[in-house]
Amino acid sequence: MAIALTPGVPIAPGGEAPPERVKRKGKTAYFLLIPGMAWLVFFFVIPLGSLFLTSLERPLGSGPSAGYESALRWQNYTEALSKYDTEFLRSFWYAGLATIVCLIISFPLAYFIAFRAGRWRNLLLVLIVAPFFCSFLIRTYAWKTILADDGFITTFANSLNLLPDDRILATPLAVVFGLVYNFLPFMVLPLYASLERIDPRLIEAAADLYARPWIGLQRVTIPLAMPGIVAGTLLTFIPATGDFINSQLLGSPRTRMIGNVIQTQFARDALPTAAALSFSLMAVILVVVFTYIRRAGTEELL
Amino acid sequence: MAIATEKATDARLPLHYRFTRYLRSHFIPAIGILGLIYLFVPIAVVFAFSFNDRLPNGRGSVSWVGFSTDAWTNICVDPNICRAVGTSLQIGVLSTIAGTVLGTMIAFALVRHRFRGRQSTNLTIFLPMATPEVVLGSSLLALFLSTRIPLGIVTVLIAHVMFTISFVVVTVKARLAGLDPRLEQAAMDLYADEKQTFRYITLPLVAPGIAAAALLAFSLSFDDFIITYFNKGPSITTFPVYVWASAARGVPPQVNVIGSLMFFGALALVLLAQLAGKVKRR
């Protein structure tokens, strides 16, 4: 009722942008917020604190089975990070590479759907998401078959002498390949969403003003698509860094990523080490994310 | 003569234009089609291998053994597969309901109300999506271990609701924010009270957003492996956990059957919904 009587909200004829809705004050907001936010606080924020406390625990005896007591053992971090620095750096390297490859594949794909697909647009979008309906693990396992040593792709690449190790499976190539595949839709969809919003007349205007297509892309299309590029790279990079499925199914012990280490350390009850690695991963990712958002200048993403 | 030179310059001048235009008109669709093929190659393999025979020792194989429809006719030959699918469905439905309700409420509060602490609320919703799954899974496990809460279906449900909430909020919020407030004003001008306006105007308009959020939540929950793996305890086997465990011994072809069924089932559902939407619009 407050809305209907609010002055200054014009009932404009159709076609104009709808006027800003007046936000209400009152207790209803808290009633709506509290259940969900409590869930997030109890099962997301507090566990992070719990993870941090676990990462500082001290072993009671020798061996992980003896248990741990709470302490402020900061050495856990230096020990864990110096022992697993290779896996840590490797995760960021693989994830970064996979993100760049994803961007290179996704941009033309999203551009095609946004500007060229016409009435096929919706169908194509469904097709991009469709592989997702078939389980993540099953799809990754299927790549194991496709990239197998006696498979068509490996034999063909070998006949051209393209592979330094004579195989694809169990090499970094296979892991990055799997990461690119699994997170591709996370890149395509946000890119599509921001490309689709671009008025094609702006790109035409660039051409009318004698911008070559390449310059038009650089100066008009890409800057306007920036929110999508930022969202897409983050949605790809973050899960890829922590992933251990691709490395486990398509890689070898030489391609272990930090996710694999965290998982095995937890399984072995080496809780403080696992927690320290997990917490460090979170910290580094947050720093990367916030610097990236700052630099890319799309803070409204939050 | 003049015409000839004009023609000549016309053919010569835009050469690089013609080249880039050629590239633009053929390169982009080509990459688009290649990208789609790339996305669908594993699906084709999954479907083909659902007709794969088992090895003589009864195990599944990564390479082709022989054609057989055995897996399709005996999906539940290993009762653990079907039990795992059942567990996944159960967890998926329950966590979707809880996550969608909680997330939708937050979305309404964010779009429709003024309140203190908006910034920190937004941050708390954004952060779970910016956190790798290993961290989400391991931090919850650290909490459950230190509070001695036994791992099982409850802890898995807690985890699933937690990570679906943020995605629901984002999806519903987008729909709500795009809503024309004049529609509700019109209802109220026509003497609908607040409840009626919500029931007959707001809810039907937001429903597609809520439905999309619920579908997203369900597929996230059904497909989740990493977070589940950390918090499931020994007694729970969801479908992805079953696949993971069987990967070491060779995945049985029945897994590919279920993968194919899920794929075609979901695709049929989406296409039906699109068709229904088209018919309705007419």
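Sequence order as written defines residue numbering, which begins from 1 separately in each chain. Whichever chain is written first is A, and whichever ligand is written first is 1; the rest continue in order. pLDDT decides what is reported in this predicted model: residues at 70 or higher carry local features, side-chain atom pairs at 80 or more are listed and counted, and totals for whole chains, interfaces and linings draw on all residues regardless. Side-chain metrics rest on all non-hydrogen atoms present in the structure, leaving aside hydrogens and water.

Regarding the nonpolar core
Residue types Ala, Val, Leu, Ile, Met, Phe, Trp, Tyr and Cys, when buried and joined through side-chain atoms within 4.5 Å, form a set referred to as a nonpolar core. The classification of residues rests on relative accessible area computed with a 1.4 Å probe and restricted to protein chains. Under 20% of the type maximum is buried, over 50% is exposed, and intermediate values are partly exposed. Within the largest apolar cluster, 153 residues are counted, with the highest numbers of intra-cluster contacts made by A:Leu281 and B:Phe239. Two domains share this core, each providing at least three of its residues, namely domain 1 (79-251) and domain 2 (252-282) of chain B. Residue contacts are counted whenever heavy atoms from the two residues lie within 4.5 Å of one another. Among all residues touching B:Phe239, those that are not within four sequence positions of it are A:Ser135, A:Ile138, B:Ile81, B:Ala84, B:Val85, B:Ser88, B:Phe222, B:Val255, B:Ile258 and B:Met262. Where each domain begins and ends follows an automated or database-derived domain assignment.

Quick look at the packing of helix α9 (residues 213-224) of chain A against helix α10 (residues 226-242) of chain A
Residues and elements named next belong to chain A. Interhelical geometry of α9 versus α10 gives an angle of 60° and a closest axis separation of 4 Å. When the interaxial angle is binned, α9 and α10 end up oblique. On α10, the residues that touch Ile-222, Pro-223 and Leu-224 of α9 are Met-226, Pro-227 and Ile-229. For this scheme, ten residues count as nonpolar: Ala, Val, Leu, Ile, Met, Phe, Trp, Tyr, Cys and Pro. Four count as charged, namely Asp, Glu, Lys and Arg, and the remainder, Gly too, count as polar. For the contact of α9 with α10, a count of residues per class yields six nonpolar, no polar and no charged. All axes are obtained by fitting lines to C-alpha atoms, using only the stretch in contact for helices, and the reported angles, taken between N-to-C directions, cover 0 to 180 degrees. A run of H or I in DSSP becomes a helix once it reaches four residues, and a run of E becomes a strand once it reaches two; helices and strands are each numbered from the N terminus. Small angles under 35 degrees read as roughly parallel and large ones over 145 as roughly antiparallel, with 65 to 115 read as roughly perpendicular and the rest as oblique.

Here we look at the domain arrangement of chain B
Residues and elements named next belong to chain B. Under the domain assignment used here, chain B contains domain 1 (79-251) and domain 2 (252-282). A separation of 22 Å is found between the C-alpha centroids of domain 1 and domain 2. Contacts between domain 1 and domain 2 engage nine residues on the former and six residues on the latter. Across the interface of domain 1 and domain 2, roughly 630 Å² is buried in total on both sides, 88% from carbon and sulfur atoms. Buried surface area refers to the total accessible area, computed with a probe of radius 1.4 Å, that the two partners give up upon joining, counted for both partners together. In terms of surface lost to domain 2, no three residues of domain 1 exceed Ile-81, Phe-239 and Val-251, which account for 63% of the buried area on that side. A pair is scored as a salt bridge if a Lys or Arg side-chain nitrogen falls within 4 Å of a carboxyl oxygen belonging to Asp or Glu. Put simply, domain 1 and domain 2 have zero salt bridges between them.

Comments concerning the interface of chain A and chain B
Facing the 93 residues of chain A at the interface are 90 residues of chain B. For the pairing of chain A and chain B, the buried interface totals around 8,600 Å² over both sides, and the portion due to carbon and sulfur atoms is 77%. Here the element with the most residues in the side of chain A that touches chain B is helix α1 (residues 28-55) of chain A; it accounts for 21 residues. Looking at the side of chain A that touches chain B residue by residue, the class counts come to 70 nonpolar, 13 polar and ten charged.

Comments concerning the state of the cysteines
Any pair of cysteine sulfurs within 2.5 Å is marked as a disulfide. Tallied over the entire structure, the rule returns one disulfide over all chains. Looking at the unpaired A:Cys102, the closest cysteine sulfur is the one in A:Cys134, lying at 18 Å. No disulfide involves A:Cys134; its sulfur sits 16 Å from the nearest other cysteine sulfur, which is in B:Cys82. On the accessibility criterion, A:Cys134 (1% relative accessible area) is buried.

What to know about α1(A)
Working rule for helices: expected span equals 1.5 Å times residues minus one. The first and last C-alpha atoms of α1(A) sit 39 Å apart over 28 residues, in line with the 40 Å expected at 1.5 Å per residue. Each residue is assigned a bend, namely the angle between axes fitted to the seven residues that terminate at it and the seven residues that start at it. By the largest-angle criterion, A:Ile34 marks the main kink of α1(A), which is about 40°, and a proline, A:Pro35, follows within four residues.

Some words on the pattern of salt bridges
All names here are of chain A. All told, the structure shown has eight salt bridges over all chains when counted by the stated rule. With a closest N to O distance of 3.2 Å, Glu-79 and Arg-73 form a salt bridge. Glu-79 sits in the partly exposed class, given a relative accessible area of 42%. We classify Arg-73 as partly exposed; its relative accessible area is 21%.

Remarks on the confidence of the model for chain B
Across chain B, the average pLDDT comes to 86, with 93% of residues at 70 or higher. Per-residue confidence from the prediction method is given by pLDDT, with values spanning 0 to 100. Every residue in residues 1-10 of chain B scores below 50 in pLDDT, and together they form one contact with partners more than four places removed in sequence or on other chains.

A short note on the environment of B:Ala109
On the secondary structure map, B:Ala109 appears in helix α4 (residues 79-112). With a relative accessible area of 0%, B:Ala109 lands in the buried category. In sequence terms B:Ala109 and B:Lys173 are 64 residues apart; their C-alpha atoms lie 9.5 Å from each other. Every residue in contact with B:Ala109, bar those within four places of it in the chain, is listed here: A:Ala29, A:Leu32, A:Leu33, B:Phe115 and B:Arg118.

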